[in-house]
Amino acid sequence: MSKLSKIIYVFILHLIFAGSLFAESATKLEGEFKLGPAIILIILLITFIMVGIFNRAKDTSTYWAAGRKISPVGAGMAIASNWMSAASFLGMAAIMYGSGYHGLSYVVGWTGGYVLLLILMAGQIRRYGKYTAADFIGDRYYSQGLRGFGAGVAIFISFSYCVGQFAGIGLMFKWILGIDYTWAVLIGASVVLAYTLISGMLGVTKNMQIQYVIIIISFLIPLFILTYKFGYFFWLPQAGYGAIVSDIVNGLAPGNGITAMGHDFAILPAPEFAMPWDPATGQTAFQWIAICFSLMIGTAGLPHVIQRFYVVPRAKDARWSVVWGLFFICILYWSAPIYSAFGKILSANPEVGMLAKDAIVVYTSQLGDVFPLITGLLAAGAISAAFSTVSGLLVAGASAFSHDLYYKVINPNANERTQMLMARIGTILMAASVAIVALLNLGLIAQLVAVAFSLAGCTIFPLFLLGIWWSGSNRAGAWGGLIAGTTVSIVALVYFVAGKFGGNLPGQDFINYYMNAWYFAIFGAPLAILTNIVVSKLSKEKTPLEIKKFLAQQVHNYKVN
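Computed from a predicted model, the values in this text were never measured in an experiment.

Definitions and limits used
Residues numbered from 1 in each chain as written. Predicted model: local features only at pLDDT ≥ 70, side-chain atom pairs only at ≥ 80, totals over all residues. Heavy atoms only, no water. Helix = DSSP H or I, 4+ residues; strand = E, 2+ residues; numbered from the N terminus. Buried < 20%, exposed > 50% of the residue type's maximum accessible area, 1.4 Å probe, protein only. Contact = heavy atoms within 4.5 Å. Areas by Shrake-Rupley, 256 points an atom, 1.4 Å probe, with all protein chains shown as cover. Core = buried A, V, L, I, M, F, W, Y, C linked by side-chain atoms within 4.5 Å. Axes fitted to C-alpha atoms, helices over the stretch in contact; angles between N-to-C directions. Parallel < 35°, antiparallel > 145°, perpendicular 65-115°, else oblique. Left-handed = near helix turned anticlockwise from the far one by under 90°. Nonpolar A, V, L, I, M, F, W, Y, C, P; charged D, E, K, R; others polar. Phe/Tyr/Trp six-rings, centres within 6.5 Å; stacked < 30°, edge-to-face > 60°. Patch = residues over 30% accessible without salt bridge, like charges linked within 9 Å, V, L, I, M, F, W, Y side chains within 5 Å. Salt bridge = Lys/Arg side-chain N within 4 Å of Asp/Glu carboxyl O. Polar contact = N/O pair within 3.5 Å; in protein donor to acceptor, adjacent residues only side chain to side chain. pLDDT = per-residue confidence, 0-100. Expected span 1.5 Å × (residues − 1).

Asks: How should the overall build of the protein chain be read in this particular structure?
Replies: When its secondary structure is counted, the protein chain shows 25 helices and two strands. Looking at the 561 residues of the protein chain, the share that counts as buried comes to 60%. Long-range pairs, those at least 24 residues apart, make up 83% of the contacts in the protein chain between residues at least 6 apart in sequence. Split by element, the accessible area of the protein chain, about 20900 Å² in all, is 67% carbon and sulfur.

Quick look at the structure:
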């Protein structure tokens, strides 16, 4: 940790120096190069690359699982940083800014998913001792075909999750550098690809620990400033922001003497902001519950989340890493609604005009006249959040490509050098493909990410849940459940893409509502689990005895007398 401490110290010194010289340049909302934030961003990127070089992967174990030497607290920080993506840092406030109470379904779903992991899977996954999700699937269900299919699903899940992160990176690079969104995405993608290729899982994990510190500091400081400036309870903004919500619901008259960037701190009454499933939001109770459910089980099935349990030495450490991760995550999740509430009031003046929802966190800080350097640091924190998640996703996707597809299925005789080469090729291909799709702007960041959760909930989660807790689940059942979950996923995604490009397939409205791309796992996951159970029961094939013994003795610590 001494290297990391030195890097953080140098970073803070440079940050202070940059702020003293260039703080005044971050006052424009759009379309202008901001010197202060740009210098912060450059220092940040250099820091990440340095950490990657100092902790570069030297073998496949280091590239895939960080040598399994990360402490529970360090792993918890990495889990939180890996988890607090652009969807958390930017997307949650954006959803709540646009949908009010309905947006809390994302907070409940994502947090609940980690509780589910803590109770049902974290320790058991580590005791099983594999590198990747597909590795577990192939070994547990004794099938190379399932291993290959699982790797393909893992790559696609990582891909769809990455799209939202690249969109967030592009949005913040655009805000800081004043460049076109296309160039912003390409530049951001190139930087994160560079340090991921150098470092692998070890350097990525070390970077995540630094990124967590940057993320949480940059996210919290503006909240204390905003609540203090506008007369709310600033000692603990997370507890005092209820008064802001009351002002939104009841309305706040202009001419009260409080302004933000020359605009009245005022808003017309908007009771739907705090009312669950108010008709004015266009959302229903079913959609709220469906999103919660899909995000919860999707969290427990995401390959890059599962892979984090392999970087610690023991199963006990895996459980504690989840506890620490939940603690670190909740600090940000408890704070995100404040940005949506302040953003609602500060952007209410017609002179402000329409603002991009996904950038409302940064815009709120600007509209509240927060010191420009701090706003620049906030934007840098958003980039750190996206970078931390993208790097983990790229490693997960590359591991599935190199370890699970190439080494385990295509070329079992490949030496370590060849495996490392294939891992890096897989990383490059995935990053390039994601950048292309991110340029299409298919939806809000949090919504794009929700697609990955539903897909994981329909495919990988049922295989892990039954594979760990029911030894009767066999290869035939796994195939049946995977096909059922994949079928639901394909139908939902085909209708989603068709709707985005103006198509109108049979039953379009029905599918859009009940099997929306953000929450189709509410039907797909139960169907996959039920199909797995039924097919396993009906099949004449039985789970091999050695796998049953391994599950009982190694995974669940059942001692045979």
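Asks: Looking at this structure, I do not really get the nonpolar core. What am I missing?
Replies: Side chains that are nonpolar tend, in soluble globular proteins, to be buried together. Ranked by size, the top nonpolar core spans 161 residues in total, and within it Phe-89, Phe-166, Met-172, Leu-332, Phe-342, Phe-387 and Phe-464 carry the most contacts. Apart from the residues within four sequence positions on either side, Met-172 is in contact with Leu-90, Ala-359, Val-362, Ala-379, Ala-382 and Ile-383.

Asks: So what exactly am I meant to see when it comes to the environment of Ala-432 here?
Replies: The residue Ala-432 is located in helix H19 (residues 416-438) in this model. Ala-432 sits in the partly exposed class, given a relative accessible area of 42%.

Asks: Teacher, can you tell me more about the packing of helix H8 (residues 133-140) against helix H21 (residues 460-469) here?
Replies: Axis angle and axis distance: for two packed helices, these are the angle between their axes and the distance between the axes, and together they describe the pair. Two numbers describe how H8 lies on H21: the axes approach to 11 Å, and their chain directions differ by 50°. Comparing their axes, H21 and H8 come out oblique. Handedness of the H8/H21 crossing: left-handed. Of the residues in H21, those in contact with Ala-133, Phe-136, Ile-137 and Arg-140 of H8 are Leu-463, Phe-464, Leu-466, Gly-467 and Ile-468. Residue classes in the contact of H8 with H21 are distributed as seven nonpolar, one polar and one charged.

Asks: For this particular structure, what's the right way to read the packing of aromatic side chains?
Replies: According to the stated counting rule, one finds 25 aromatic pairs in the structure shown. Where Tyr-128 meets Phe-136, the ring centres are 4.7 Å apart and the plane angle is 70°; that geometry is what we call edge-to-face. For Tyr-128, a relative accessible area of 4% corresponds to the buried category. Of the residues examined, Phe-136 reaches a relative accessible area of 1% and is grouped as buried. Here Trp-324 and Phe-328 contribute two aromatic rings whose centre-to-centre distance is 5.8 Å and whose plane-to-plane angle is 25°, an arrangement assigned as stacked. Placement of both Trp-324 and Phe-328 in helix H15 (residues 315-333) is noted, with a separation of four residues, approximately one turn of the helix.

Asks: Before we go on, may I ask you to explain a nonpolar patch on the surface in this structure?
Replies: Side chains of Ile-42, Ile-46, Met-50, Ile-53 and Phe-54 sit close together on the surface and give an oily, nonpolar patch of about 440 Å² of accessible area. On the secondary structure map, Phe-54 appears in helix H2 (residues 35-54).

Asks: I'm lost on the pattern of salt bridges in this one. Help?
Replies: For side chains of opposite charge, pairing can occur when their charged atoms come near one another. Under the definition given, this model contains three salt bridges. Residue Arg-147 pairs with Asp-135 through a salt bridge whose shortest N-O separation is 2.6 Å. Here Arg-147, found in helix H9 (residues 144-177), pairs with Asp-135, found in helix H8; they are twelve residues apart in sequence, far enough to count as distant. The two residues Arg-147 and Asp-135 agree in class, both being buried. With a closest N to O distance of 3.5 Å, Lys-229 and Asp-369 form a salt bridge. Here Asp-369 lies in the loop between helix H17 (360-367) and helix H18 (372-410) and Lys-229 lies in helix H10 (residues 181-229), a separation of 140 residues in the sequence. The class for Asp-369 is partly exposed, based on a relative accessible area of 41%.

Asks: Please clarify how the side chain of Thr-227 should be interpreted in this entry.
Replies: Relative to the helices and strands, Thr-227 resides in helix H10. A distance of 3.2 Å separates a polar atom in the side chain of Thr-227 from the backbone oxygen of Phe-224.

Asks: Just checking my understanding: could you explain unusual backbone geometry for this structure?
Replies: Most peptide bonds adopt trans geometry, and most residues besides glycine take a negative phi value. Despite not being glycine, Tyr-142 shows a phi value in the positive range, around 40°. Along the chain, the position of Tyr-142 falls in the loop between H8 and H9. Its identity is not glycine, yet Asp-369 carries a phi of approximately 60°, on the positive side.

Asks: Explain the confidence of the model for the protein chain to me, please; I cannot follow it from the model alone.
Replies: Close reading of the predicted structure is inappropriate where its pLDDT is low. In the predicted model, the protein chain carries a mean pLDDT of 78, and the fraction of residues at 70 or more is 81%. Contacts of residues 7-29 to residues separated by more than four positions or lying in other chains number 47 contacts, the stretch itself having pLDDT below 50.

Asks: Even after reading the chapter, I still don't get helix H24 (residues 521-538), so can you show me in this structure?
Replies: Given 3.6 residues per helical turn, the α-helix brings residues three or four places apart onto the same face. Here H24 spans 25 Å end to end across 18 residues, near enough to the 26 Å set by a 1.5 Å rise per residue. Listed in full, the buried residues belonging to H24 are Ala-521, Ile-522, Gly-524, Ala-525, Ala-528, Ile-529, Thr-531, Asn-532 and Ser-536.

Asks: Even after reading the chapter, I still don't get the packing of H21 against H24, so can you show me in this structure?
Replies: Orientation of H21 relative to H24, taken along the N-to-C sense of each, is 45°, at an axis distance of 9 Å. In terms of orientation, H21 and H24 fall into the oblique class. Regarding H21 and H24, the two cross each other, and that crossing is right-handed. Packed against H21, whose contacting residues are Phe-461, Pro-462, Leu-463, Leu-465 and Leu-466, the element H24 presents Ala-525, Ala-528, Ile-529, Asn-532 and Ile-533 at the interface. Grouping the constituent residues of the contact of H21 with H24 by class yields nine nonpolar, one polar and no charged.

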